[in-house]
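Below, each chain spelled out in residue letters.
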Amino acid sequence: MSVKIYHNPRCSKSRQTLQLLKDNNIEPEVVKYLETPPTKEELEKILDLLGMEPRELMRRREKEYKELGLDAPNLSRDQLIQAMVEHPRLIERPIVIKDGKAALGRPPEKVLELL
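Predicted, not measured: the structure shown is a model, and the values here were computed from it.

With reference to specific residues and values, describe the pattern of salt bridges.
Under the defined criterion, the tally for this structure stands at eleven salt bridges. Two residues, K40 and D78, come together in a salt bridge whose shortest N-O distance is 3.2 Å. One end of the pair, K40, is in helix α2 (residues 40-50); the other, D78, is in helix α4 (residues 77-86), and 38 residues separate them in sequence. For E64, the salt bridge goes to R89, with nearest N and O atoms at 3.1 Å.

Listed below in structure tokens is the structure:
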């Protein structure tokens, strides 16, 4: 069973989610996405697995969101995804992927649905 978590060690929700996985005897592959951002293709797949559109997975309070004008309604799905690839701080976290399914750990207990 392969489990991957897109993790930010500085985020309490991300740390709680990682601990929750470990408490369930799961040692996930940890991707520190701020250091190793997902590619455009990976992000598209993650969005599909989550059943979300790019804006739903964006941290709208980050300064980059406002500075880059990402609230503009005319931006395409591709443009929003590209912004997240170039500025990974915009990606909501943590994201856990297991067996072709994904969950956003907000709250952390949501990932238990994958287990």
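Break down the side chain of R93 for me, with residues and values.
Among the structural elements, R93 can be located in the loop between α4 and β3 (95-98). Put simply, R93 is tucked away with no salt bridge, and the nearest opposite charge, on E62, sits 4.6 Å away. A distance of 3.5 Å separates polar atoms of two side chains, one belonging to R93 and the other to Y33. When neighbours within four sequence positions are excluded, R93 is seen to be in contact with Y6, N8, C11, S14, Y33, R59, L104 and R106.

Give me the lowdown on the sheet that holds strand β2 (residues 29-32), citing residues and values where you can.
Overall, mixed pairing links the four strands, which are arranged β2-β1-β3-β4 in an open sheet. The outermost strands of the open sheet, each flanked by one partner alone, are β2 and β4 (101-104). Adjacent strand axes in the sheet meet at a mean angle of 20 degrees, parallel and antiparallel pairs treated alike. In the sheet, β3 pairs with β4 via four bridges, with the strands oriented antiparallel. Residue I95 lies in a different strand from β4, and its bridge partner there is L104. Across the sheet, helix α1 (residues 12-23) touches β1 (3-7), β2 and β3, and the angle it forms with β1 is around 165 degrees. Relative to β4, α2 is tilted by about 85 degrees, and along the sheet it contacts β1, β3 and β4.

Tell me about the nonpolar core, and name the residues and values.
Among the nonpolar cores identified, the biggest contains 23 residues, and L43, I46, L57, M58 and I95 are the most heavily contacted of them. Of all the elements in the fold, those that place two or more residues in this core are α2, α4, β3 and β4. Ignoring anything within four residues of it in the chain, the contact list for L57 reads L43, I46, L47, L50, M52, M84, L90, I91, E92, I95 and L104. Listed in part, the ten residues of the second largest apolar core include V3, L18, A103 and V111.

Outline the environment of L43, supporting the account with residue identities and numerical values.
Mapped onto the fold, L43 is located in helix α2. Once the C-alpha coordinates of L43 and N74 are considered, the two residues, 31 residues apart in sequence, prove to be 20 Å apart. Not counting the four nearest positions on each side in its chain, L43 is found in contact with P38, L57, I81, M84, V85 and I91.

Here is what the cut-offs are and how they apply
- Residues numbered from 1 in each chain as written.
- Predicted model: local features only at pLDDT ≥ 70, side-chain atom pairs only at ≥ 80, totals over all residues.
- Heavy atoms only, no water.
- Salt bridge = Lys/Arg side-chain N within 4 Å of Asp/Glu carboxyl O.
- Helix = DSSP H or I, 4+ residues; strand = E, 2+ residues; numbered from the N terminus.
- Buried < 20%, exposed > 50% of the residue type's maximum accessible area, 1.4 Å probe, protein only.
- Lys, Arg positive; Asp, Glu negative; His and termini not counted.
- Polar contact = N/O pair within 3.5 Å; in protein donor to acceptor, adjacent residues only side chain to side chain.
- Contact = heavy atoms within 4.5 Å.
- Pairing = 2+ DSSP bridges.
- Axes fitted to C-alpha atoms, helices over the stretch in contact; angles between N-to-C directions.
- Core = buried A, V, L, I, M, F, W, Y, C linked by side-chain atoms within 4.5 Å.

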